[in-house]
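# Structural characterization, general
The primary structure of each chain is shown beneath.
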Amino acid sequence: TTLVASTKTALAGVGANVASAVNVDVSQGRVLLAGFVDSPEQKKAALAAARKVDGHKAVVDGLVVMPGTRSMGTTIDDQTIQTKVKTALLEAEGMEKGLGINTECKNGEVLLSGWVPSKKYHDTAGRAAAGVKGVKKVHNFLQVR
């Protein structure tokens, strides 16, 4: 919890939009940064800020550069897709409820992040997300504990 809070504070120093756009998950001292950022510079700055935080064993890059704003219609479509992806993850064969998989959607691209117990869960989640109507691409940054 302390490592998550310290990393979020460091990200706030990069910019409020970066801090709010980036999920921070920690497992066994490994910090996973995941989310959509607007520029390569934001991505570089976020990773550098996280690496300066004391106490981590590694910082894992799960950031996707996707500049631009979305229309209200696209935002609503993305929310609908994200809901369908979450449902698909819960219904996927072999997946257990409450695995703690984070999902985000921007312009039809889905980002999966978090920690899963095995490569099987990583792969199953990726396939489940890719099978949802409207998903253009899946960025699978799920990490095996």
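Attention here is on the structure that accompanies the text. Note that the structure is a prediction, hence the values are computed from the model and not measured.

### Regarding the packing of aromatic side chains
- By the definition in use, this model includes zero aromatic pairs.
- The ring of Y121 has K120 sitting right over it, with the charged end atom 5.2 Å from the ring centre.

### Quick notes on the sheet that holds strand β4 (residues 102-106)
- With respect to topology, three strands assemble into an open sheet ordered β4-β5-β6, the strand pairing being mixed. The sheet terminates laterally at β4 and β6 (137-144), the two strands that pair on one side only. Across this sheet, the average inter-strand angle for adjacent strands is 10 degrees, counted without regard to direction.
- Of the pairings in the sheet, the one linking β4 to strand β5 (residues 109-116) comprises five bridges and is antiparallel in character. Bridging across to β5, T103 finds its partner in L112.
- Helix-sheet contacts for helix α4 (residues 72-91) involve β4 and β5, and the interaxial angle to β4 is about 150 degrees.
- Against the sheet, helix α5 (residues 119-130) engages β5 and β6, with an angle of about 160 degrees to β6.

### Some thoughts on the sheet that holds strand β3 (residues 58-65)
- The three strands are arranged β1-β2-β3 in an open sheet whose pairing can be described as mixed. Two strands in the sheet have a free side with no partner beyond their single neighbour: β1 (22-27) and β3. On average, each strand axis in the sheet is tilted by 15 degrees relative to the strand beside it, whichever way the strands run.
- With eight bridges connecting them, strand β2 (residues 30-37) and β3 associate as parallel partners. Of the residues in β3, the one forming a bridge with V37 is V65.

Definitions and limits used
Residues numbered from 1 in each chain as written. Predicted model: local features only at pLDDT ≥ 70, side-chain atom pairs only at ≥ 80, totals over all residues. Heavy atoms only, no water. Phe/Tyr/Trp six-rings, centres within 6.5 Å; stacked < 30°, edge-to-face > 60°. Lys NZ or Arg CZ within 6 Å of the ring centre and 35° of its normal. Pairing = 2+ DSSP bridges. Helix = DSSP H or I, 4+ residues; strand = E, 2+ residues; numbered from the N terminus. Axes fitted to C-alpha atoms, helices over the stretch in contact; angles between N-to-C directions. Contact = heavy atoms within 4.5 Å.

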